[in-house]
Amino acid sequence: MEGYSLFIFVLMIVGLLIGIFSGYYLFIVLGGLGLIFGYLFWSETVINLLTTSAFTAMQNYTMLAVPLFIFMGNIMEKSGLAHKIFHSLSILLGRIKGGLAVAALLISLLFAASTGIVGATVVTMGLLFLPAMLERKYDVKLATGVISSGGTLGILIPPSIMLIVYGPLAQISVGQLFYAVLVPGILLGFVYIIYVLIIAHVKPGTAPAISEEELAQYTLKDKLIGILHILPIAVIILSVLGSIWFGIAPPTEAAALGSLAAMVVALCYGKLNFKVLKETLYNTLQTTSMIYAILFMGTFFVSVFMRLGGGDVVEQAFTSLPFGKWVIFALMLLVVFILGLLMDWVASILIIVPIFTPIALSLGFDPIWFAAMICIMYQTSFITPPFAPALFYLKGVAPKTVKTSDIMNGAWPFVFLQLLVLVLCAIFPQLILWLPSKIIG
């Protein structure tokens, strides 16, 4: 029986890789493979499993937070708030070397804690900061690396759509997972900032300060007004994370509060009209449909995969390794890293979580800590080619003089910084566990 399961496992993995590299939509590849292997090696009742997977995903109450957070992020993008904060932070930090890059990372941190959408943040930061940094003779690799990596903070720092998908799959509270990754996410942002400041001083030509003549154009009043623009973001962050923190609302209801707060901010800035609302709803529907399509088919594929013994093959392969638990843990992270190179995080999580979570529990790892570590590793998937969605978002809005190779080469130092934070969280697990323990307590 083991040999039979191993044979099917190899066929399904090979089929998945062929499907990914063939260029077909991922949800079609997952659903098609599930149907083919389910029908050939199981029975025609696999059709019932397909419909069950779809209805199960649609009935998941926690997943309702996905379209709500996407809506909130799109409204934030349309409000023009980033444009206003850009000018204020540029003035305040312009005197230091690397100041514009630091400003971009600070705004990315703020937007990460209020949107949770990578694409919106990368595009907005790319439109605002990349031309400004290139105009001031920033090194193109450093400038693109800052924007692409800073934009991906939204997938880790709550409210993160990835965490909402991960939690139910691992049978972990999404609220606990939110706070488990909050400290590592903020730490990662500040590690980026420290790196930029070091590079700016070691190699002054890579990130020069803004000239005194340009800074002299702005008054103290301009700076104070600019700082006030941070308050609306604080309101949105408080409406989401604060409502969860103080027990006012669970994540799904908190997402609704965040959407309402984002609409109020857009209204106050005079940006909420029929056109904006129509575009926001269309973009939300488009992104949500993509996520749900992969979720349906990914859940179906994994169900067939597990039913045919694929999960048992992987679990036996890992647990039978003649290594300690930390080596096995490192190998699991390596698998996550490789899958992140090849496919969308939604499909990857649907495959990884049901298989690796039982293994981690059997090895004695804390489920919250393990989930957070996996999510931190997924951060690398957004800026590591060939998949690397953040890099291609940035390429779509970058000036024509910026080459794709520059964007890819600029991302690699930040991949190593992400791995550094991952190592720190392994050495000091309380970086992850301290906040959830305080909330539970």
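Thresholds applied
Residues numbered from 1 in each chain as written. Predicted model: local features only at pLDDT ≥ 70, side-chain atom pairs only at ≥ 80, totals over all residues. Heavy atoms only, no water. Helix = DSSP H or I, 4+ residues; strand = E, 2+ residues; numbered from the N terminus. Buried < 20%, exposed > 50% of the residue type's maximum accessible area, 1.4 Å probe, protein only. Contact = heavy atoms within 4.5 Å. Areas by Shrake-Rupley, 256 points an atom, 1.4 Å probe, with all protein chains shown as cover. Lys, Arg positive; Asp, Glu negative; His and termini not counted. Charge placed at Lys NZ, Arg CZ, Asp CG, Glu CD. Expected span 1.5 Å × (residues − 1). Bend = angle between axes of the 7 residues up to and from the residue. Polar contact = N/O pair within 3.5 Å; in protein donor to acceptor, adjacent residues only side chain to side chain. Phe/Tyr/Trp six-rings, centres within 6.5 Å; stacked < 30°, edge-to-face > 60°. Lys NZ or Arg CZ within 6 Å of the ring centre and 35° of its normal. Axes fitted to C-alpha atoms, helices over the stretch in contact; angles between N-to-C directions. Parallel < 35°, antiparallel > 145°, perpendicular 65-115°, else oblique. Nonpolar A, V, L, I, M, F, W, Y, C, P; charged D, E, K, R; others polar. Core = buried A, V, L, I, M, F, W, Y, C linked by side-chain atoms within 4.5 Å.

1. Quick word on the overall build of the protein chain
Right, so step 1: Along the protein chain, the regular secondary structure elements total 22 helices and zero strands.
Right, so step 2: Counting all 441 residues of the protein chain, 54% fall into the buried class.
Right, so step 3: Long-range pairs, those at least 24 residues apart, make up 81% of the contacts in the protein chain with a sequence separation of at least 6.
Right, so step 4: For the protein chain, the exposed area adds up to about 18800 Å²; of that, 71% sits on carbon and sulfur atoms.
Right, so step 5: On the protein chain, the mean spot of the 19 positive side-chain charges and the mean spot of the 16 negative ones are 11 Å from each other.

2. Digging into helix H10 (residues 174-202)
Right, so step 1: Counted at 1.5 Å a residue, the expected span for H10 with its 29 residues is 42 Å, and the 42 Å between its end C-alpha atoms agrees.
Right, so step 2: The largest bend along H10 reaches roughly 35° and is located at leucine 182, with the proline proline 184 sitting one to four residues downstream.
Right, so step 3: The N-capping residue of H10, defined by a side-chain oxygen 3.3 Å from the backbone nitrogen of glycine 175, is serine 173.

3. Observations regarding helix H19 (residues 367-378)
Note on helix geometry: an α-helix contains 3.6 residues per turn, so any two residues three or four positions apart are oriented the same way.
Right, so step 1: Taking 1.5 Å of rise per residue, 12 residues should cover 16 Å, and H19 covers 17 Å from first to last C-alpha, within 8% of that figure.
Right, so step 2: The buried fraction of H19 amounts to 11 of the 12 residues, a majority that puts the element mostly inside the structure.
Right, so step 3: When we look at burial in H19, the residues that qualify are Ile368, Trp369, Phe370, Ala371, Ala372, Met373, Ile374, Cys375, Ile376, Met377 and Tyr378.
Right, so step 4: Two or three places before isoleucine 368, at the start of H19, stands the capping residue aspartate 366, its side-chain oxygen 2.9 Å from that residue's backbone nitrogen.

4. Side note on unusual backbone geometry
Right, so step 1: Despite not being glycine, lysine 137 has its phi angle at roughly 70°, a positive value.
Right, so step 2: According to the relative accessible area criterion, lysine 137 is exposed, its value standing at 63%.
Right, so step 3: Look at glutamine 171: it is not a glycine, yet its phi comes out positive at around 55°.
Right, so step 4: Relative to the elements of secondary structure, glutamine 171 occurs in the loop between helix H9 (161-170) and H10.
Right, so step 5: Accessibility expressed as a relative area gives 77% for glutamine 171, which makes it exposed.

5. Describing the packing of aromatic side chains
Right, so step 1: Inspection of every chain in the model, using the stated rule, returns 15 aromatic pairs.
Right, so step 2: A ring pair is formed by phenylalanine 37 and phenylalanine 41, whose centres lie 5.9 Å apart and whose planes are at 15°; its orientation type is stacked. Of the two residues, phenylalanine 37 and phenylalanine 41 both sit in helix H2 (residues 26-41), four residues apart, roughly one turn of that helix.
Right, so step 3: When the ring centre of phenylalanine 365 is taken as origin, the NZ or CZ atom of lysine 325, which lies over that ring, is 4.9 Å away.

6. Here's the deal with the side chain of serine 108
Right, so step 1: The residue serine 108 is located in helix H6 (residues 99-112) in this model.
Right, so step 2: Setting aside anything within four residues of it in sequence, one finds serine 108 in contact with Thr121, Met125, Gly150 and Gly151.

7. Quick look at the side chain of threonine 144
Right, so step 1: Relative to the helices and strands, threonine 144 resides in helix H8 (residues 140-151).
Right, so step 2: What makes threonine 144 buried here is its relative accessible area of 0%.
Right, so step 3: Not counting residues up to four positions away in its chain, the partners in contact with threonine 144 are Leu130, Leu394, Val402, Asp406, Ile407 and Gly410.

8. Looking at the environment of isoleucine 294
Right, so step 1: Its place among the elements puts isoleucine 294 in helix H15 (residues 274-307).
Right, so step 2: What makes isoleucine 294 buried here is its relative accessible area of 5%.
Right, so step 3: Taking the C-alpha atoms as reference points, isoleucine 294 and leucine 241, 53 residues apart in sequence, are found 27 Å from one another.
Right, so step 4: Here isoleucine 294 is in contact with Phe27, Leu30, Thr299, Asp344, Val346, Ala347 and Leu350, once residues within four sequence places are set aside.

9. Brief notes about the environment of threonine 287
Right, so step 1: For threonine 287, the position within the fold is in helix H15.
Right, so step 2: For threonine 287, a relative accessible area of 28% puts it in the partly exposed group.
Right, so step 3: For the pair formed by threonine 287 and valine 66, sequence separation is 221 residues and the distance between their alpha carbons is 9.5 Å.

10. Structural notes on the packing of helix H4 (residues 65-78) against helix H13 (residues 230-245)
Right, so step 1: Contact geometry for H4 and H13: axes closest at 13 Å, N-to-C directions at 175°. With respect to H13, the element H4 is oriented roughly antiparallel. Counting all contacts with H4, which are made through Phe69, Met72 and Met76, the residues of H13 involved are Ile233, Ile236 and Val240.
Right, so step 2: Grouping the amino acids of the contact of H4 with H13 by side-chain chemistry returns six nonpolar, no polar and no charged.

11. Comments concerning the nonpolar core
Right, so step 1: If you look at the biggest cluster of nonpolar residues, it comprises 153 residues, and the most contacted ones within it are Phe129, Tyr166, Trp345, Phe356 and Phe370.
Right, so step 2: It is H10 that contributes the most residues to this core, 14 residues altogether.
Right, so step 3: Other than its neighbours up to four places away in sequence, tyrosine 166 contacts Leu177, Ile349, Val353, Phe370, Ala371, Ile374 and Cys375.

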